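# Working through the structure, step by step
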Amino acid sequence: MSLLSIGKSGLLAAQVGLSTTGNNITNAGVTGYSRQVAIQSDTPTLDQGFGFVGTGTEVTAVRRYYDNFLATQLRNAESNQASLDVYSKQIGQIDNLLADPTAGLSPALQDFFNGVQDATSNPASAASRQAMLSTAESLAARFQGMSARLSEISSGVNGQIVSNVGEINSFARQIAELNKSISALSTDGKAPNDLLDHRDALLTELNKLVKTTVIPGDNNALTVEMGTGQPLVVGNTAFTLGTAGSPTDVTRMTVGYVTDNGNFSALPDRVLSGGQLGGLLEFRNGPMDRAQNSLGQVAAALAVSFNAQHQLGQDQNGALGTPFFGPINAYVGTNSHNLASSTAEVSAVVTDAAGLTASDYSVDYDGANFSVKRLSDGQVTQINPFPQTVPQVIDGVAYTITGTPAANDNFLVRPTYNAAKDFDVLVEDRTKIALAAPIATAAPTTNAGNAKITAGTVDANYLTPGNALTAPVTLAFDKASNSLSGFPAGQDVTVTVNGVATVYPAGTPSIPYTDGAAISFGGVNFAISGTPADLDKFTVGPNTSGVGDSRNGALLAALQTKNTMDNGNATFQTSYAQMVNYVGNKAREAQIGGAAADAAVAQATNAQQSVSGVNLDEEAANLLRYQQAYQAAGKVMQVASQLFDTLLSLGR
């Protein structure tokens, strides 16, 4: 090997080094670019007899500095950051809506019960009654407005899910195409560095949409999977994702695979974690549903409990009260595959405020029995008997199932999801507000004893056909037997003393008298206290002059502070406050998590850039080093040329 060839090889190697260094410098600001370096090695030496003499150098590869572990760590950090960022933005909207001191629910609830209390204080006042109706309409408008806003947020989430799926498909196709190109160009241990960087940049953007797992393959091809192993890209093939309305709720967007023939197969939300898509699904399945259901729970509980009490009152026309608010019918979604062979239908109506939860329910038929599964904790209750004779109440909801079911029939029941949207006022005539009690009691002034009878109340049993009083019932005290007689012949009488109830069957001629004992029959409740004289009388009958009566109004107003919800452990206000607190805590958690995610991304970026990033100071030094090597190699070639010229001159 001549000295000229040795110099030439050095010159070429230095030229490649200069080109590589220059490329690093010019791409230092390009996102995703990985630093490259020219790898040199010496060429084979030649045996000259006296020893081996070198023949020069060669560039064996242009290697990019890349650490798969650090790159994966960075992608995961950015996926978590994107998830928390979109989650925080979405939950912030709900937090602002619920906690607003003027536009939230609390002021409207307070105004409504203030109106009830004012009407109770002035039951004969037309103005007070009309004001109560006005505050009720305002409350209904507030429920409906908040529900509409939550629905808008939900629709926005659906739109973003569709957009994200479209972007995921685009990135998946590009990665598959790059896999094909990279595999074709990856020969003899060489790889197209620019295409590898481009693919890594696409993987970074893809992970900002959904968290993936990257598995290296042959010839630098990659397999990209989601969740628990669902494929997205395998070699040169990209799987296509699509969106469709849920079979049981068309307003709820689901994500799944779309086959070549257009069939859609939904994926469980849990496999689509991380990234913007994962954050959207986590938000929708958590705070979004919780807020909508909890708001509806308050609306349903208020409507049901207020209606129940209002129907136990008497209006200004002397009639029993009617439902004040509209009925709360649960949303029921039917899985479409039932329709071919099943005629089963499920209806669900909220009937009990105390037992009502904010959970959704799945109603399933296994071929023999229907079961109702509470989705929040998985508790299952069987419909028994089936076919039904009467509706079965489960968690405050009365289920009615009709028709002929088929095996695997499935229904989604959301008892409170639409309750705020459907909340409306039925009573429009102020005279039909039932502030009075339907019964009146009296102790004649001719009684000789000092015993008194309470004003009396009624309960739900009073509404049972045949129980409502149409004429006064006169009770007489017999001193000899210390008993009361005159109770209706067809009704049981219950006497409660110190919390202990004794039931006397219908037709019992007389009931022992106990001072202060609570007495009830046919839904009528009262107490007699004191010492009655022989033949003293007490009357219980229909209220014939209830215009100025507000006993039922007081019970309606008392619902504001009564523990009506959560099995008797929460008021309307405290239940709403719990929801606001939950959303606020989640919003704060998202903010804290977002700050931590930002720090994690910064750390992972620094670690990844320490390996793959371009350091301009280092590249400047390399530039000088390769420049000097180039000049030195050129000097070698110059010396070789001069020596050759010397040899030629010897022959002249």
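See above for the structure.
This report concerns the structure included in the present document. Source: prediction; values computed, not measured.

## Some details on the pattern of salt bridges
Enumeration according to the criterion identifies 16 salt bridges in this entry. Linking Arg414 and Asp249 is a salt bridge whose minimum nitrogen-to-oxygen distance equals 3.4 Å. Taken together, the positions of Arg414 in strand 19 (residues 410–414) and Asp249 in strand 10 (residues 249–258) put the pair 165 residues apart, joining distant regions of the chain. Given a relative accessible area of 1%, Arg414 falls into the buried group. Each of Asp249, Arg252, Asp289, Asp360 and Arg414 takes part in a single network of salt bridges with overlapping partners.

## Quick look at the packing of helix 2 (residues 68–99) against helix 6 (residues 275–310)
The interhelical angle for the contact between helix 2 and helix 6, taken along N-to-C directions, is 25°, at an axis separation of 7 Å. Between helix 2 and helix 6, the angle is such that the two are roughly parallel. Classified by chirality, the crossing of helix 6 by helix 2 is right-handed. The residues of helix 6 that touch helix 2, namely those facing Ser79, Ala82, Ser83, Val86, Tyr87, Gln90, Ile91, Ile94 and Leu98, are Gly275, Gln276, Gly278, Gly279, Leu280, Glu282, Phe283, Pro287, Met288 and Ala291.

## Remarks on the packing of helix 4 (residues 126–185) against helix 5 (residues 193–207)
One can describe the packing of helix 4 onto helix 5 by two numbers: an axis separation of 10 Å at closest approach and a directional angle of 160°. The pairing of helix 4 with helix 5 is recorded here as roughly antiparallel in orientation. Of the two possible hands of crossing, helix 4 and helix 5 adopt the one that is left-handed. Contacts between helix 4 and helix 5 involve Ile168, Phe171, Gln174, Ile175, Leu178, Asn179, Ser181, Ile182 and Leu185 from the former and Leu195, Leu196, His198, Arg199, Leu202, Leu203, Glu205 and Leu206 from the latter. Taken together, the residues that form the contact of helix 4 with helix 5 break down as eleven nonpolar, four polar and two charged.

## What to know about the sheet that holds strand 7 (residues 230–234)
Spatially, the four strands line up as an open sheet ordered 5-6-7-8, and their pairing is antiparallel. The sheet terminates laterally at strand 5 (212–216) and strand 8 (237–238), the two strands that pair on one side only. Here helix 4 sits on the sheet in contact with strand 6 (222–226), strand 7 and strand 8, set at roughly 45° to strand 7.

## Some words on a nonpolar patch on the surface
Among the surface-exposed residues, Leu3, Val639 and Leu643 lie close enough to one another that they form a single nonpolar patch of about 220 Å² accessible area. Inspection of the secondary structure assignment puts Val639 in helix 10 (residues 616–650).

Rules of the game
Residues numbered from 1 in each chain as written. Predicted model: local features only at pLDDT ≥ 70, side-chain atom pairs only at ≥ 80, totals over all residues. Heavy atoms only, no water. Salt bridge = Lys/Arg side-chain N within 4 Å of Asp/Glu carboxyl O. Helix = DSSP H or I, 4+ residues; strand = E, 2+ residues; numbered from the N terminus. Buried < 20%, exposed > 50% of the residue type's maximum accessible area, 1.4 Å probe, protein only. Axes fitted to C-alpha atoms, helices over the stretch in contact; angles between N-to-C directions. Parallel < 35°, antiparallel > 145°, perpendicular 65-115°, else oblique. Left-handed = near helix turned anticlockwise from the far one by under 90°. Contact = heavy atoms within 4.5 Å. Nonpolar A, V, L, I, M, F, W, Y, C, P; charged D, E, K, R; others polar. Pairing = 2+ DSSP bridges. Patch = residues over 30% accessible without salt bridge, like charges linked within 9 Å, V, L, I, M, F, W, Y side chains within 5 Å. Areas by Shrake-Rupley, 256 points an atom, 1.4 Å probe, with all protein chains shown as cover.

Interpretation note: all reported values are geometric properties and have no functional meaning in isolation.
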